[in-house]
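Summary of the model geometry
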Amino acid sequence: MLRRLIKGWLTAGVMDEGVTQETWRGSPQGGVISPLLALVALHGLETTITSAFGSRDRPQVVAYADDFVVLHPTRAGVEKARRVAEEWLSGIGLRLKASKTRITHTRLAVDGPAGFGFLGFHVRRYVTGEFRPGSDGRKQPVIKTLIKPSKESIKRHHRAMRDIVRKRKTVPHEALISDLNPIIRGWSMYFRTVVSKKVFASCDYRLFSTLMHWAGRRHPKKTAGWVFAKYWRRGEQGRLEFAVPDGPRLAVHADTPIKRHVKVRGNASPFDGNLIYWAERLRTHPMTTSRTAILLRRQKGKCAYCRLLFTEADAIAVKQFRPPRWKGLTDLASMRAVHPHCHDKLHDTAAEAITANVAEVFTSRTT
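Residues numbered from 1 in each chain as written. Predicted model: local features only at pLDDT ≥ 70, side-chain atom pairs only at ≥ 80, totals over all residues. Heavy atoms only, no water.

Where a protein is soluble and globular, its nonpolar side chains tend to be buried together. Counting residues in hydrophobic clusters, the biggest one holds 18 residues, and the most contacted among them are Leu176, Leu180, Leu211 and Phe242. Elements represented by at least two residues in this core include exactly helix H5 (151-167), helix H6 (173-190), helix H7 (197-218) and helix H8 (224-231). Beyond its immediate stretch of four places on either side in the chain, Leu180 contacts Met161, Ile164, Val165, Leu211 and Leu250. Core analysis: the next-biggest nonpolar cluster, separate from the first, contains 10 residues, Phe310, Ala337, Cys342 and Leu346 among them. (Core = buried A, V, L, I, M, F, W, Y, C linked by side-chain atoms within 4.5 Å. Buried < 20%, exposed > 50% of the residue type's maximum accessible area, 1.4 Å probe, protein only. Helix = DSSP H or I, 4+ residues; strand = E, 2+ residues; numbered from the N terminus. Contact = heavy atoms within 4.5 Å.)

Dropping the structure here:
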């Protein structure tokens, strides 16, 4: 079954602007199967690198698809890990790409700028200016590791938003918002687990300038105040928003809350049967909303209907058991987290009860 699934992915073809092209060789660029097959092909590289060292000076290896990072306190350790990796890769007909492979220091500018980029992030250590007593009693500067969106990722994001605005000079207000919102939300959700608050605010500021230029071109004979009043509205919290009257509003980068990623424990797997661990982990998962996290904490990671533990692979639906007391859907006292199929069963049960009640009333009135 797995082989058929992989073959189907590889031979599915590529669709670009409604035109399908067959794939004769390899995996499509950006396809969902590419990182999976890369991890399968490179399985064993991490173990080979770490086993070449002793238990005290063992490096940390982080891999995703065909990209990996080796962290070690000394340069000699990094160079040794590089030799081990090159030897292992040569055995399967692969080699390191010279243009994308370098040795760097995470705090000092050695053989290039300090820090390194990985999967769109930039990792670097900074001296905070604070001091703590060391093992010898002397004060030592506090060094903190910060992970931020890389400059290249920020530039690509600005370019993507600017291109959307420039290509839609004559579209309605609402259409521009619907095209920008998925880009803004997707990029913000990807970088919400790292130090991104200032970057989010900077993105909103630059997008505001782009939108002001877009709106000014549409009404060249109107004043800036008139243009601003036409496209920006006061939201519920009194904040100015690029929005349609009684319609959608533009998503804001800074509204995305920062939610730290919690590393998976050791060799834990969703298929190891430890449902309690994965149910507990769902509470702090970056993709879990605050409302769902609160409900999972109250229900101890269990479905309110079938009482089974949620796993990371399960979808979670929120069921409103009675009308909210407050305006909107902020009354969590009447909400429960359930499986989608349990949610459907609850709806079917409620519909049957209403139908039976109506039939009973109709019979009594007829009698």
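That covers the picture; the talk isn't over yet.
A word on a nonpolar patch on the surface. There is a patch of nonpolar side chains on the surface, built from Leu2, Leu5, Trp9, Val32, Leu36 and Val40 and spanning about 590 Å² of accessible area. Looking at the nonpolar patch, the elements with two or more residues in it are helix H1 (2-10) and helix H2 (33-41). Considering every element that reaches the nonpolar patch, the biggest residue donor is H1, with three residues. Structurally, Leu5 is set in helix H1. Classification of Leu5 as partly exposed rests on a relative accessible area of 44%. (Patch = residues over 30% accessible without salt bridge, like charges linked within 9 Å, V, L, I, M, F, W, Y side chains within 5 Å. Areas by Shrake-Rupley, 256 points an atom, 1.4 Å probe, with all protein chains shown as cover. Salt bridge = Lys/Arg side-chain N within 4 Å of Asp/Glu carboxyl O.)

Secondary-structure assignment places Ser196 in the loop between H6 and H7. Apart from the residues lying within four places of it in its own chain, the contact partners of Ser196 are Pro149, Phe191 and Ile258.

Now for the environment of Ala254. Inspection of the secondary structure assignment puts Ala254 in the loop between strand S9 (240-242) and helix H9 (275-281). On the accessibility criterion, Ala254 (28% relative accessible area) is partly exposed. Along the chain, Ala254 and Cys203 lie 51 residues apart, while their C-alpha atoms are 8.6 Å from each other. Ala254 has contacts with Lys197, Phe200 and Asp204, leaving out every residue within four places of it along the chain.

Position of Ser153 relative to the elements: it lies in helix H5. The exposure class of Ser153 is buried, given its relative accessible area of 4%. Beyond its immediate sequence surroundings of up to four residues, Ser153 is in contact with Gly120, Trp187 and Phe191.

Let us now look at the environment of Trp187. Relative to the helices and strands, Trp187 resides in helix H6. In the structure, Trp187 is positioned 30 residues away from His157 in sequence and 7.6 Å away in space, judged by C-alpha atoms. Apart from residues lying up to four places away in sequence, Trp187 is in contact with Pro149, Ser153, Ile154, His157, Val199, Phe200, Cys203 and His253.

In this section: unusual backbone geometry. Positive phi is not limited to glycine here, since Asp111 has a value of about 55°. Looking at where Asp111 falls in the secondary structure, it is placed in the loop between helix H4 (75-90) and strand S5 (116-118). The residue Leu119 is not glycine, and still its phi comes out positive at about 55°. With respect to the secondary-structure elements, Leu119 resides in the loop between S5 and strand S6 (121-133).

This next bit is on the packing of H1 against H2. Contact geometry of H1 with H2 gives a least axis separation of 11 Å together with a crossing angle of 130°. Classified by the angle their axes make, H1 and H2 are oblique. Two packed elements cross with a definite hand, and for H1 against H2 that hand is left-handed. On H2, the residues that touch Ile6, Trp9 and Leu10 of H1 are Ile33, Leu36 and Leu37. Of the residues belonging to the contact of H1 with H2, the class tally is six nonpolar, no polar and no charged. (Axes fitted to C-alpha atoms, helices over the stretch in contact; angles between N-to-C directions. Parallel < 35°, antiparallel > 145°, perpendicular 65-115°, else oblique. Left-handed = near helix turned anticlockwise from the far one by under 90°. Nonpolar A, V, L, I, M, F, W, Y, C, P; charged D, E, K, R; others polar.)

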